[in-house]
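As a plain string of letters, each chain reads:
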Amino acid sequence: MSAISKLALLVCAVLTTKFNLGASVSSPGNIFILAGQSNMAGRGGVTGAKWDGNVPPECTPNQSILRLSAQLVWEQAREPLHADIDIGKTCGVGPGMAFANEVLRAKGSSIGVLGLVPCAVGGTNIGQWARGGQLYTQLVRRASESVKAGGTIRAVLWYQGESDTVNRADAEAYKGNFERLVSDLRFDLRNPNLPIIQVALASGEGQFVDIVRKAQLGMTLPNVKCIDAKGLPLKPDNLHLTTMSEVHLGIKLANAFLASYSHQF
Ligand SMILES: *[C@@H]1O[C@H](CO)[C@@H](O)[C@H](O)[C@H]1NC(C)=O
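None of the values given here were measured: they were computed from a predicted structure.

Rules used throughout
- Residues numbered from 1 in each chain as written.
- Predicted model: local features only at pLDDT ≥ 70, side-chain atom pairs only at ≥ 80, totals over all residues.
- Heavy atoms only, no water.
- Axes fitted to C-alpha atoms, helices over the stretch in contact; angles between N-to-C directions.
- Helix = DSSP H or I, 4+ residues; strand = E, 2+ residues; numbered from the N terminus.
- Left-handed = near helix turned anticlockwise from the far one by under 90°.
- Contact = heavy atoms within 4.5 Å.
- 1 Å grid on protein atoms, 1.4 Å probe; cavity = no way out; pocket = protein on both sides within 12 Å on 5 of 7 lines; lining within 4 Å.
- Points joined across faces, edges and corners; volume = space filled by probe spheres on them.
- Nonpolar A, V, L, I, M, F, W, Y, C, P; charged D, E, K, R; others polar.
- pLDDT = per-residue confidence, 0-100.
- Phe/Tyr/Trp six-rings, centres within 6.5 Å; stacked < 30°, edge-to-face > 60°.
- Buried < 20%, exposed > 50% of the residue type's maximum accessible area, 1.4 Å probe, protein only.
- Expected span 1.5 Å × (residues − 1).
- Arc of directions from axis to C-beta.
- Disulfide = S-S within 2.5 Å.

Colleague: How would you summarise the packing of helix H4 (residues 134-146) against helix H5 (residues 168-188) if you had to cite specific residues and measurements?
Modeller: Direction vectors running N to C along H4 and H5 enclose 35°, while the axes themselves pass 11 Å from each other. Here H4 and H5 pass one another in a crossing that is right-handed. Contacts between H4 and H5 pair Tyr-136, Leu-139 and Val-140 from the former with Leu-181, Asp-184, Leu-185 and Asp-188 from the latter.

What follows is the structure, encoded as structure tokens:
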């Protein structure tokens with residue numbers, strides 16, 4: 001081997017080591033929990049059991065955006081963000097990467113490293129997210145782990161309720177169930193003012209979408225904001241947001257967060 005290629009190998013090895021160290025040792029200062037069901041997990045670009053692999057520029061990876069893996073390790077975030085979390089279905093593009101890239105773009109590098117904690121699972125109703133259940137326990141576990149290195153949870157992004165539109169009783173119970181979830185989370189995460197940004201449904205599995213939407217749009221708890229997804233184009237299944245709809249939603253979520261909370265850091 002020539003001296004030049006030895007040198008080249010050495011440089012590569014050093015760069016690789018440096019990059020890996022950077023990705024695994026650095027931990028985010030500003031952390032966001034992503035929870036809910038399929039439209040938060042992301043079905044953009046998924047047909048049947050296949051994701052088309054299309055990553056719009058708004059969703060590209062950035063060294064300043066990490067995600068907490070299912071193994072509780074920080075790694076560079078990339079689509080599909082929920083691939084190892086919502087394992088029952090094929091994941092595609094959700095709102096998380098567009099959200100993080102928009103926050104980064106708006107705040108510049110001064111904001112430091114962002115951390116995303118994907119927790120959404122498709123097909124889940126709000127009853128399954130109640131304290132004591134597996135989803136809630138997992139969310140609190142991942143959220144607690146995410147701040148171990150010293151970061152702060154800035155907000156929970158919540159997009160859920162499609163599964164609560166099938167029975168009238170579930171739809172009518174949504175408001176109370178959500179309020180209970182918010183107060184339990186704030187208590188268990190020891191942050192009584194934890195900002196929650198929820199999404200008012202664009203679609204539903206049943207006929208009681210308007211009842212759930214009314215509950216979502218009418219939430220009056222402090223530090224609970226609502227973004228309306230109604231009107232964003234849906235896939236042919238009439239239930240899931242397209243890739244571009246997820247991008248638009250992510251940007252809307254970022255703008256809502258920035259408008260209300262970015263003065264805090
Ligand atoms: C990552 O984000 C920073 C801060 O906004 C930006 O300057 C940089 O160009 C981005 N990198 C990529 C690869 O998009």
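Colleague: Report on the layout of surface pockets, specifying residues and quantitative values.
Modeller: In this structure, the largest pocket encloses a volume near 250 Å³. As for the largest pocket, its lining consists of Ala-70, Asp-84, Ile-85, Ile-87, Cys-119, Val-121, Trp-129, Gln-134, Leu-135, Gln-138, Leu-139 and Arg-142. Among the residues forming the lining of the largest pocket, the class breakdown is eight nonpolar, two polar and two charged.

Colleague: Would you mind going over the confidence of the model for the protein chain in detail, with residue names and values included?
Modeller: Here the protein chain averages 92 in pLDDT, and 91% of its residues register 70 or above. The low-confidence segment residues 4-25, where pLDDT is below 50, has eight contacts with residues more than four positions distant or belonging to other chains.

Colleague: Please provide a residue-by-residue account of the packing of aromatic side chains, values included.
Modeller: Considering all chains together, one arrives at seven aromatic pairs under this definition. Summarising the aromatic geometry, the rings of Phe-32 and Phe-99 are spaced 4.9 Å apart at their centres and angled 75° between planes, so their arrangement reads as edge-to-face. Linking Phe-32 in strand S1 (residues 30-36) with Phe-99 in helix H3 (residues 96-107), this pair joins segments that are 67 residues apart in sequence. Here Phe-32 and Phe-99 have matching classes, each one buried. A ring pair is formed by Trp-158 and Phe-178, whose centres lie 6.3 Å apart and whose planes are at 50°; its orientation type is tilted. Here Trp-158, found in strand S7 (residues 152-159), pairs with Phe-178, found in helix H5; they are 20 residues apart in sequence, far enough to count as distant. With respect to class, Trp-158 is no different from Phe-178; both count as buried. One aromatic cluster is present, built from ring pairs that chain together Phe-32, Phe-99, Phe-257 and Tyr-261.

Colleague: Can you break down H4 residue by residue, with the values?
Modeller: Here H4 contains 13 residues, and its C-alpha end-to-end distance of 18 Å stays within 8% of the 18 Å for a straight helix at 1.5 Å per residue. Those residues of H4 lying buried are Leu-135, Tyr-136, Leu-139, Val-140, Arg-142, Ala-143 and Ser-146. Taken down its axis, H4 places every buried residue within 165° of arc, on the same side.

Colleague: Just give me the short version of unusual backbone geometry, but keep the residues and values in it.
Modeller: Looking along the chain, the bond that leaves Glu-79 and enters Pro-80 is cis, with omega of -15°. Position of Pro-80 among the secondary structure elements: in the loop between strand S5 (74-76) and H3. A positive phi angle, near 50°, is found at Arg-190, a position not held by glycine. The residue Arg-190 is located in the loop between H5 and strand S8 (196-200) in this model. Positive phi, close to 60°, is recorded for Asn-223, a residue that is not glycine. Tracing the chain through its elements places Asn-223 in the loop between helix H6 (209-217) and strand S9 (224-228).

Colleague: Which residues make up the state of the cysteines, and what values go with them?
Modeller: In total, this model carries zero disulfides according to the counting rule given. With no disulfide of its own, Cys-59 lies 14 Å from the sulfur of Cys-91, the closest cysteine sulfur. Overall, Cys-59 belongs to the buried group, its relative accessible area being 1%. Sulfur of Cys-119: no disulfide; nearest cysteine sulfur belongs to Cys-91 and is 13 Å away. On the accessibility criterion, Cys-119 (6% relative accessible area) is buried.

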